[in-house]
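One-letter residues, chain by chain:
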Amino acid sequence: MASPIMLVTGGSRGIGAAIVRLAAERGYDVAFNYASRRDEAEKIADEVRAKGQRALVVQADMASEADIVNMFEQTDAELGRLDCMVYNAGIGPSPGRLADADWGELRRVMDVNLLGAHIACREAVKRMSTERGGQGGSIVLMGSRAGYYGAPGRAIVYATSKGGMDALNYGLGKEVAAEGIRVNLVSPGPISTDMNNEQSAPERVKEIPMGRYGKPEEVASAVLFLASSEASFVSSASLMVSGAR
Ligand code: NDP
């Protein structure tokens, strides 16, 4: 039987790389993008192939509609009909207060984290919707507990971009529920990656009731559950993976 196909944005490092690895272990063929770190992406793709699954690596900037559309078209052409799309790519601003924020940086965070997610969801729905000739599918969005806490003094625009992902999850899940598509969101607390870790922000450990940063693999498990048929009646749900934060 053919393997199901998953597309993961931002799969070259951190949480995205853990999602790609676990997807391959669970029998998916995986397409994923990187922004600039081609070498990291190729290493992850080799791991996928070593597990006997197909891998497709695409360079794409999630702030570019043309890049996003091209990423989906390459996936169609080289892997086939998409079953799952995980919008994981995300960036933070340089830490600081909103009163000192720069328009270009605010715009960039919103474009990559939130507007890109809308375009990727559009492309996924076009392919998956039973009303458009598709066979259904599943979308998982990467939110953040910051969307709830607001990240004051540090990264309010990051928090508002992630709060927008909650709204996208609630709205789109309902919009496409009768078209065979489930939409869900994972909301991580601090996870140890290049973006965020115990070394760069040790003070955050005391904000986490479990007293430690999470691991990328702990987020990947939640994503793979929501993507799978084990979650067949779960849609517009938000799953915290945050050590109780
Ligand atoms: P990393 O910085 O470790 O990895 C980011 C990934 O996104 C890389 O694959 C990177 O590619 C890719 N990427 C960056 N910019 C773009 C862009 N413009 N277009 C396309 N891809 C891009 O991040 P994390 O793994 O920590 O975070 C992954 C997701 O999880 C993000 O959405 C983040 O907001 C969210 N999250 C993270 C938390 C944490 O504590 N780490 C907590 C809550 C949510 P490349 O390697 O080429 O740079």
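Since this is a predicted model, take the numbers as computed values, not measurements.

## A few points about the overall build of the protein
Regarding its fold elements, the protein presents seven helices and seven strands. The helix and strand sequence of the protein, counted from the amino end, reads β-α-β-α-β-α-β-α-β-α-α-β-α-β. The C-alpha atoms of the protein give 17 Å as radius of gyration, which agrees with the globular expectation for 245 residues (18 Å, within 12%). In terms of overall dimensions, the protein has a C-alpha envelope of 50 × 40 × 35 Å along the principal axes. Here the protein holds 245 residues, and 53% of them are scored as buried. Long-range contacts, defined here as pairs at least 24 residues apart, represent 71% of the contacts in the protein between residues at least 6 apart. Of the roughly 11,300 Å² of accessible surface on the protein, 52% is carried by carbon and sulfur atoms. Distance from the positive charge centre (27 side chains) to the negative charge centre (30 side chains) of the protein: 4 Å.

## Digging into the side chain of Asn113
Its place among the elements puts Asn113 in helix H4 (residues 103–128). Polar side-chain contacts of Asn113 include one of 2.9 Å to the backbone nitrogen of Ile91. Of note is the side chain of Asn113, whose polar atom sits 3.1 Å from the side chain of Ser161. For Asn113, the contacting residues outside a window of four places in its chain are Tyr87, Ala89, Gly90, Ile91, Tyr158, Ser161, Lys162 and Met165.

## Notes on the site of the ligand
The ligand sits among 33 residues. The nearest are Ser12, Ser36, Asn88, Tyr158 and Thr193. Arg13 is positioned with one of its side-chain polar atoms (N or O) 2.7 Å from an oxygen atom of the ligand. Take Arg108: an N or O atom from its side chain is 3.3 Å from a nitrogen atom of the ligand. Contact with the protein chains covers 95% of the free accessible surface of the ligand, which is 910 Å². Contributing elements (two or more residues each) for the shell around the ligand: helix H1 (14–25), strand S2 (29–34), H4 and helix H6 (156–175). Grouping the constituent residues of the shell around the ligand by class yields 14 nonpolar, 13 polar and six charged.

## Regarding the sheet that holds strand S5 (residues 137–142)
One open sheet accounts for seven strands, arranged S3-S2-S1-S4-S5-S6-S7; its pairing is parallel. Looking at strand neighbours, the two that pair on one side only are strand S3 (55–59) and strand S7 (237–241), the edges of this open sheet. On average, each strand axis in the sheet is tilted by 15° relative to the strand beside it, whichever way the strands run. Relative to S5, strand S4 (residues 84–87) runs parallel, the two being bridged by four bridges. Opposite Cys84, over in S5, you have Ser138 as the bridge partner. Sitting on the sheet, helix H3 (residues 65–78) touches strand S1 (5–8), S2, S3 and S4, and the angle it makes with S3 is about 160°.

Rules and cut-offs
- Residue numbering note: each chain is counted from 1, following its sequence as written.
- Confidence filtering applies because this is a predicted model: local features only for residues at pLDDT of at least 70, side-chain atom pairs given and counted only at 80 or more, and all residues used for totals across whole chains, interfaces and linings.
- Only heavy atoms go into the side-chain values, all of them from the structure, while hydrogens and water stay out.
- In DSSP terms, a helix is any run of H or I states spanning at least four residues, a strand is any run of E spanning at least two, and both are numbered starting from the N terminus.
- We compute the radius of gyration over the C-alpha atoms and compare it with the globule rule, which gives 2.2 Å times the number of residues raised to the power 0.38.
- Per-residue accessibility, obtained with a 1.4 Å probe over protein chains only, is compared with the maximum for each type, and a residue is labelled buried under 20%, exposed over 50%, and partly exposed between these values.
- Contacts were defined at the residue level, with two residues in contact if any of their heavy atoms lie within 4.5 Å.
- Working definition of accessibility: Shrake-Rupley area with a 1.4 Å probe, residue cover restricted to the visible protein chains.
- Only four residue types enter the charge count: Lys and Arg as positive, Asp and Glu as negative, with His and the chain ends excluded.
- Every charge is mapped onto a representative atom, which is NZ of Lys, CZ of Arg, CG of Asp or CD of Glu.
- Pairs of N or O atoms are called polar contacts if they sit within 3.5 Å, as long as, within protein, a hydrogen donor faces a hydrogen acceptor (for residues adjacent in sequence, only side-chain-to-side-chain pairs).
- Nearness is defined per residue: one heavy atom within 4 Å of the molecule or strand is enough.
- Under the grouping applied here, Gly and all other residues not named as nonpolar or charged are polar, the nonpolar ones being Ala, Val, Leu, Ile, Met, Phe, Trp, Tyr, Cys and Pro and the charged ones Asp, Glu, Lys and Arg.
- The criterion for strand pairing is that DSSP finds at least two bridges linking the strands in question.
- What counts as an axis is a line fitted to C-alpha atoms, over the stretch in contact for a helix, and the angles between N-to-C directions run from 0 to 180 degrees.

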